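Results of the structural survey
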Amino acid sequence: MLRIGERSQFVSVSELFRNKLRLYQNHLSLFWKVMIPIFILSFILDISYYSGIYTFFPNSTWEASTSNGLTVYTDLTHSLNFQFSSFISIFTWFALSMLVLTTYKLYRGYNVSFQEIWQQSLQKKGTIFGAGLLCVVVVISFLIFLLVLSGLIGFTLTIIGFFSFFIYFGVRMCLVHQCIIIENLTTLKAFQRSRELINGNFLKFFGRLLLLLWISNLLFNSFLALTLFIISFISTDLVPIRESILSGECLTLFYGIPISFYTNDINVSVGNISMSFSETPSFWIIAVISIVKTIVYALLTPLWAILTTHLYLEQTEGGEISGEIHVEAIEAQI
């Protein structure tokens, strides 16, 4: 049996990320064996949903973008429009818990069993999805509160207020998965515990999470842009987005974090390139974009589990793992 060793010393942000990538690289097959069933299920549901829309709602509006991949807008009634991008965000939330547990066991030098990871994660599925639902409720509730006040505080302060709260809440709750899956806490106690762990270290967490968010979005946008660019040579439907990619607009992708909103009938979009199809695209285009999106999500999700688990262990075990991590190998029983 092989172990992961650590030595306590100051480690720079660049060194931290190199260590995380090394851990990911050395245990790539293990991470994928744990999470790949989740992403396969997500892909199957996405394709099933798109197939239903494709068949029963032929007049739907389809949009391709570097930040979402594919989005479909369906008019259910004259006053109700339904927007769908993917089930993958829901499944990624659960996959993140399994990857957190996997990372924790690797750090501790335990034998890692595929079956054990799934068994322990499924036992906490209600708490995990409950935490995700609570996050959505809190963010939407605050957004509604700001919209009610928008007439008094103005549009600019409403936008600033929402993004400030979203960042604050996201950083404070970034260790919820660890608190649920490692400490076996309930949803509300996990939220409280995550907030407590980050007290006094908000800027440290914010800086590292922001850097990973930028890297993740840059990679995601780049992969999707390359996919759409290649498809555009096969299907003329995507020629407009190829022209945008070849223009100076592609430089906005380096912004990393896509932001878009409407104001005074003007669409403001940064860090994203998108286009609406003039007619329903061929289903093979829908399938290819969905496959690439699923694969990129699967590639990036372990990085979030590894980084947040490292930060969690720093907070719960002091400076024990703050130094360089010498990843030798570990016995994995799959």
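See the structure shown above.
Right, let's walk through the structure included here. (Residues numbered from 1 in each chain as written. Predicted model: local features only at pLDDT ≥ 70, side-chain atom pairs only at ≥ 80, totals over all residues. Heavy atoms only, no water.)

Phi is positive for N184, close to 60°, though the residue is something other than glycine. Note on placement: N184 falls in the loop between α6 (176-181) and α7 (187-198). (Helix = DSSP H or I, 4+ residues; strand = E, 2+ residues; numbered from the N terminus.)

The subject of this paragraph is the packing of helix α5 (residues 125-172) against helix α8 (residues 202-231). For the pair α5 and α8, interaxial distance at closest approach is 10 Å and the crossing angle is 100°. It follows from the interaxial angle that α5 and α8 lie roughly perpendicular. Mapping the contact onto sequence places I167, Y168, V171 and R172 in α5 and F202, F205, F206 and L209 in α8. Here the residues of the contact of α5 with α8 are counted per class, giving seven nonpolar, no polar and one charged. (Axes fitted to C-alpha atoms, helices over the stretch in contact; angles between N-to-C directions. Parallel < 35°, antiparallel > 145°, perpendicular 65-115°, else oblique. Contact = heavy atoms within 4.5 Å. Nonpolar A, V, L, I, M, F, W, Y, C, P; charged D, E, K, R; others polar.)

Let's shift gears to empty space enclosed by the protein. Under the definition given, this model contains one cavity of 30 Å³ or more. In this structure, the largest cavity spans a volume of roughly 40 Å³. Lining the largest cavity are D46, Y50, G69, L70, S85, S86, I289, S290 and K293. Secondary-structure elements contributing two or more residues to the lining of the largest cavity are α2 (28-56), β3 (69-75) and α10 (283-316). Among the elements that make up the lining of the largest cavity, the one with the highest residue count is α10 (three residues). Here the lining of the largest cavity is composed, by residue class, of three nonpolar, four polar and two charged. (1 Å grid on protein atoms, 1.4 Å probe; cavity = no way out; pocket = protein on both sides within 12 Å on 5 of 7 lines; lining within 4 Å. Points joined across faces, edges and corners; volume = space filled by probe spheres on them.)

With five of its seven residues buried, β3 lies for the most part within the structure. Relative to β3, strand β2 (residues 61-65) runs antiparallel, the two sharing five bridges. Paired with W62 across the strands is V72, a residue of β3. Adjacent in sequence and paired antiparallel, β2 and β3 are bridged by three residues. (Buried < 20%, exposed > 50% of the residue type's maximum accessible area, 1.4 Å probe, protein only. Pairing = 2+ DSSP bridges.)

Once that is clear, we can look at the packing of aromatic side chains. Inspection of the entire model under this criterion finds 20 aromatic pairs. Considering the side-chain rings of Y50 and W62, the 5.7 Å spacing of their centres and the 45° angle between planes classify their relative orientation as tilted. Here Y50 is found in helix α2, whereas its partner W62 is found in strand β2, with twelve residues between them in sequence. Residue classification places Y50 among the buried residues on the basis of a relative accessible area of 2%. Accessibility expressed as a relative area gives 1% for W62, which makes it buried. Consider the rings of F142 and F165, whose centres lie 4.0 Å apart with planes at 20°: the pair is stacked. Given a relative accessible area of 19%, F165 falls into the buried group. Through a chain of ring-to-ring contacts, the aromatic side chains of Y49, Y50, W62, F84 and F87 assemble into a single cluster. (Phe/Tyr/Trp six-rings, centres within 6.5 Å; stacked < 30°, edge-to-face > 60°.)

Shape descriptors only; they carry no functional weight alone.
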